[in-house]
Amino acid sequence: MIPHRLMAPAPGWTLDADIVVVGSGIAGLVAALRARTAGRVLLVTKALLDDGSTRWAQGGIAAALHPDDSPEDHLRDTLTAGVGICDADAVRALVTEGPEAVRGLISLGTEFDRNGDGGIALTREGGHLTHRIAHAGGDATGAEISRALLAATKDAGIEVIEHALVLDLLIADGRAAGVTLHVMGEGQRDGVGSVRARAVILATGGLGQVFQATTNPEVSTGDGLALALRAGAAVADLEFVQFHPTVMWLGPDAKGRQPLISEAVRGEGAFLVDAAGERFMAGRHPLADLAPRDIVAKQIMTRMRATGEPCVYLDGRNLGPRIWAQRFPTILAACERHGVDPVNEPIPVVPAAHYASGGVRTDLRGRTSVPGLYACGEVACTGVHGANRLASNSLLEGLVFAQRIAETLPADLGVGAPAKAGADGALTSRSALLEPAVRGEVQRLMAAYAGVLRSGAGLERAAGELAALAGRTTDRPCTEAWEATNLHSVASLIVDAARRREETRGSHWREDFPDDADAWRGHLVSAFTGEALTTTFEPA
Ligand code: SIN
């Protein structure tokens with residue numbers, strides 16, 4: 001059974017806003033900045049404002065910015081990477097609005113790297129047939145975007161609450177009416193409280209912490225997805241967890257956030273080799289080392305199995321010391337911290353959990369199936385990623401769809417009409433809160449049975465172990481228990497979807513069903529109705 005309720009103790013304090021934005025990555029900050037035309041915005045975030053995934057983004061942001069490129073070409077590459085199940089209308093919105101949205105980031109103060117002629121410097125990453133990736137600070141694109149957006153948020157005077165873990169959605173008359181939060185260290189607002197609002201925008205990021213080794217920060221515990229599930233929102237494509245092919249291998253017991261080696265390193269000429277120094281991507285795909293991510297990850301796993309080695313290697317010696325220092329200062333420093341000198345030796349790498357291509361299902365305007373609840377960024381499933389996200393489309397998706405929500409809010413909320421007071425809403429009351437120690441158990445079993453390579457037998461075992469963990473409840477609410485509960489819910493949904501999908505497509509790889517199947521060209525969509533989880537298959 002998949003638990004879908006959380007005990008939220010009675011709120012001790014209440015705030016009012018028109019729009020509450022949950023999360024402070026690119027999607028949350030852009031939503032907060034742009035939604036001000038629709039009413040008073042309150043931004044709440046789980047840790048510090050820049051503690052989410054955005055600031056760790058290396059490679060960049062994809063958009064057809066070069067005169068020789070076009071949204072049509074970007075559309076083609078995105079659809080190819082998504083292996084037949086992207087929503088073409090969502091992709092069209094992404095790629096068409098993308099270039100202007102990136103220019104909007106520049107207006108807000110983001111400084112992208114420039115060419116000698118002053119144009120935006122563009123690189124390549126896996127699955128892109130052309131140079132299309134804008135970057136900043138060499139390999140610190142997310143940090144620069146985050147810096148600029150945080151400065152703009154401050155200048156705009158947007159009210160912010162940090163250290164605020166979102167718990168549940170408040171629902172009144174079938175509509176989202178705010179959220180409950182647990183706040184720590186913020187004076188009068190400490191403890192459990194509620195924010196009443198007419199619209200809730202979830203921008204809570206990803207769920208990588210479901211796995212033992214991930215590129216995601218500690219805060220990426222699927223809180224927004226779990227909240228939406230409990231509130232009855234439809235979720236889709238959860239089986240498509242993307243594993244980044246090149247994450248530094250730190251040994252078999254590595255846990256938590258692992259050092260990412262950006263695909264842009266391959267974009268600048270590095271290539272993969274096995275322990276014997278043999279290149280293994282050539283001949284496997286027309287784009288060789290720059291094939292889409294799912295294909296590269298599969299080839300790496302296949303080569304590791306064939307050689308019995310625990311990792312493969314990324315050879316970037318041909319880049320030379322100047323490119324390493326100028327283009328990849330963050331990665332160079334991370335390698336050096338771990339005793340690897342990428343200028344003179346190949347970097348040991350393995351695939352690791354990186355990105356949820358699925359999430360809370362939305363329409364083209366970011367609306368979820370719960371009226372008044374919106375989602376953007378990694379927590380959302382807008383349909384642009386299909387079975388495998390194209391590299392560097394994630395920052396762009398957060399940006400474009402946050403703007404789309406902001407554009408749609410005035411009409412959706414009937415701006416100009418008197419604000420309807422937020423009701424107290426139906427707080428969930430039944431406890432299914434799990435012990436903090438469940439987090440480690442979930443990570444272990446997801447790594448063992450639901451990682452890059454999956455099988456029916458392994459997934460069945462994972463489902464059994466997850467069901468047993470559901471009994472490890474606690475009556476002591478705390479951040480660690482809420483996070484463990486969210487991770488358990490999200491893991492249970494991923495395993496459920498992965499068991500159902502009996503084919504291999506994109507980042508979902510079933511060794512017992514190694515081919516894609518036409519009958520599976522579509523989406524698994526799940527939602528709770530009362531206690532029951534309903535999952536349906538919708539053809540693409
Ligand atoms: C990378 O720099 O390789 C990651 C970029 C992304 O996930 O799109």
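Residues numbered from 1 in each chain as written. Predicted model: local features only at pLDDT ≥ 70, side-chain atom pairs only at ≥ 80, totals over all residues. Heavy atoms only, no water.

Before going further, it helps to examine the packing of aromatic side chains. The relation between two aromatic rings is expressed through the spacing of the ring centres and the mutual angle of the planes. For the structure shown, the criterion picks out 3 aromatic pairs. Judged by centre distance (5.4 Å) and plane angle (80°), the rings of Phe 211 and Phe 243 are edge-to-face. Of this pair, Phe 211 sits in the loop between strand 11 (199-202) and strand 12 (213-214) while Phe 243 sits in strand 14 (residues 241-248), placing them 32 residues apart in sequence. Each member of the pair Phe 211 and Phe 243 is classed as buried. Plain terms: the ring middles of Trp 520 and Phe 537 are 5.2 Å apart, the flat faces sit at 80° to each other, and that makes the pair edge-to-face. You can see Trp 520 sitting in the loop between strand 23 (509-510) and strand 24 (522-529) and its partner Phe 537 sitting in strand 25 (residues 532-539), a full 17 residues away along the chain. Owing to a relative accessible area of 30%, Phe 537 belongs among the partly exposed residues under this scheme. Above the plane of the ring of Phe 271 lies Arg 279, whose end atom (NZ or CZ) is 4.1 Å from the centre. One cation-aromatic arrangement involves Arg 389 over Tyr 355; the distance from NZ or CZ to the ring centre is 4.0 Å. (Phe/Tyr/Trp six-rings, centres within 6.5 Å; stacked < 30°, edge-to-face > 60°. Helix = DSSP H or I, 4+ residues; strand = E, 2+ residues; numbered from the N terminus. Buried < 20%, exposed > 50% of the residue type's maximum accessible area, 1.4 Å probe, protein only. Lys NZ or Arg CZ within 6 Å of the ring centre and 35° of its normal.)

For the protein, mean pLDDT is 93; residues scoring 70 or higher make up 95% of the total. In the model, residues 418-431 has pLDDT below 50 throughout and makes 30 contacts with residues more than four positions away in sequence or in other chains. (pLDDT = per-residue confidence, 0-100. Contact = heavy atoms within 4.5 Å.)

Our next topic: the environment of Ala 136. Secondary-structure assignment places Ala 136 in the loop between strand 6 (133-134) and helix 4 (141-155). Between the alpha carbons of Ala 136 and Ser 507 there is a distance of 28 Å; along the sequence they are 371 residues apart. Once you skip the residues sitting within four places of it in the chain, Ala 136 turns out to touch Glu 111, Phe 112, Asp 113, Thr 141 and Glu 144.

A separate point is the packing of helix 12 (residues 456-469) against helix 13 (residues 479-500). Put simply, helix 12 and helix 13 touch, their axes get as near as 10 Å, and they point 150° apart. Between helix 12 and helix 13, the interaxial angle falls into the category roughly antiparallel. The crossing of helix 12 and helix 13 is left-handed. Contacts between helix 12 and helix 13 involve Leu 459, Glu 460, Ala 462, Ala 463, Leu 466 and Leu 469 from the former and His 488, Ala 491, Ser 492, Val 495, Ala 498 and Arg 499 from the latter. (Axes fitted to C-alpha atoms, helices over the stretch in contact; angles between N-to-C directions. Parallel < 35°, antiparallel > 145°, perpendicular 65-115°, else oblique. Left-handed = near helix turned anticlockwise from the far one by under 90°.)

Moving on: the pairing of strand 25. The pairing of strand 24 with strand 25 spans 8 bridges and is classified as antiparallel. Its bridge partner being in strand 25, Ala 527 is matched across the sheet by Thr 534. Between the end of strand 24 and the start of strand 25, which pair antiparallel, lie 2 residues, with Gly 530 showing a positive phi angle near 60°. (Pairing = 2+ DSSP bridges.)

Overall, the coordinates contain 40 salt bridges when judged by the stated rule. Two residues, Arg 501 and Glu 239, come together in a salt bridge whose shortest N-O distance is 2.6 Å. Highlighted residues: Arg 501 in the loop between helix 13 and strand 23 and Glu 239 in the loop between strand 13 (235-236) and strand 14, separated in sequence by 262 residues. With a relative accessible area of 0%, Glu 239 lands in the buried category. The salt bridge involving Arg 510 is made with Asp 512; its shortest N-O contact spans 2.9 Å. Under the relative-accessibility criterion, Arg 510 is labelled buried at 1%. Bridged by salt links that share partners, the residues Lys 46, Glu 218, Asp 223, Arg 439 and Glu 483 form one connected network. (Salt bridge = Lys/Arg side-chain N within 4 Å of Asp/Glu carboxyl O.)

Right, let's get into the site of the ligand. As a structural note, the neighbourhood of the ligand is formed by Gln 58, Gly 59, Glu 125, His 244, Ser 262, Glu 263, Arg 293, His 354, Arg 389, Ala 391 and Ser 392. Between an oxygen atom of the ligand and a side-chain N or O atom of His 354, the distance comes to 2.6 Å. Among the residues making up the shell around the ligand, the classes are represented as 1 nonpolar, 6 polar and 4 charged. (Near = heavy atom within 4 Å. Polar contact = N/O pair within 3.5 Å; in protein donor to acceptor, adjacent residues only side chain to side chain. Nonpolar A, V, L, I, M, F, W, Y, C, P; charged D, E, K, R; others polar.)

Further remarks concern the layout of surface pockets. Reported here for the second largest pocket is a volume of approximately 590 Å³. Around the second largest pocket, the lining comprises 24 residues; the ones closest to its centre are Ala 213, Met 301, Val 350, Pro 351 and Ala 447. Of all elements in the fold, only strand 14, helix 7 (293-307), strand 18 (347-356) and helix 11 (438-449) reach the threshold of two or more residues within the lining of the second largest pocket. Looking at the lining of the second largest pocket element by element, the count peaks at 4 residues for strand 18. Class assignment of the residues belonging to the lining of the second largest pocket gives a composition of 20 nonpolar, 4 polar and no charged. (1 Å grid on protein atoms, 1.4 Å probe; cavity = no way out; pocket = protein on both sides within 12 Å on 5 of 7 lines; lining within 4 Å. Points joined across faces, edges and corners; volume = space filled by probe spheres on them.)

Two orientations exist for strands paired in a sheet by backbone hydrogen bonds: parallel and antiparallel. As summarised here, the arrangement of the 4 strands in space is 1-10-9-8, forming an open sheet in which the pairing is mixed. The sheet is open, and its two borders are formed by strand 1 (13-16) and strand 8 (164-172), each paired with just one other strand. Sheet twist, expressed as the mean angle between neighbouring strand axes with direction ignored, is 25°. Here strand 8 runs beside strand 9 (residues 175-183); their pairing, made up of 7 bridges, is antiparallel. Each residue of the ladder has a partner; that of Ala 164, found in strand 9, is Val 183. In the packing of helix 13 onto the sheet, the strands contacted are strand 8, strand 9 and strand 10 (191-196), and the crossing angle to strand 8 comes to about 65°.

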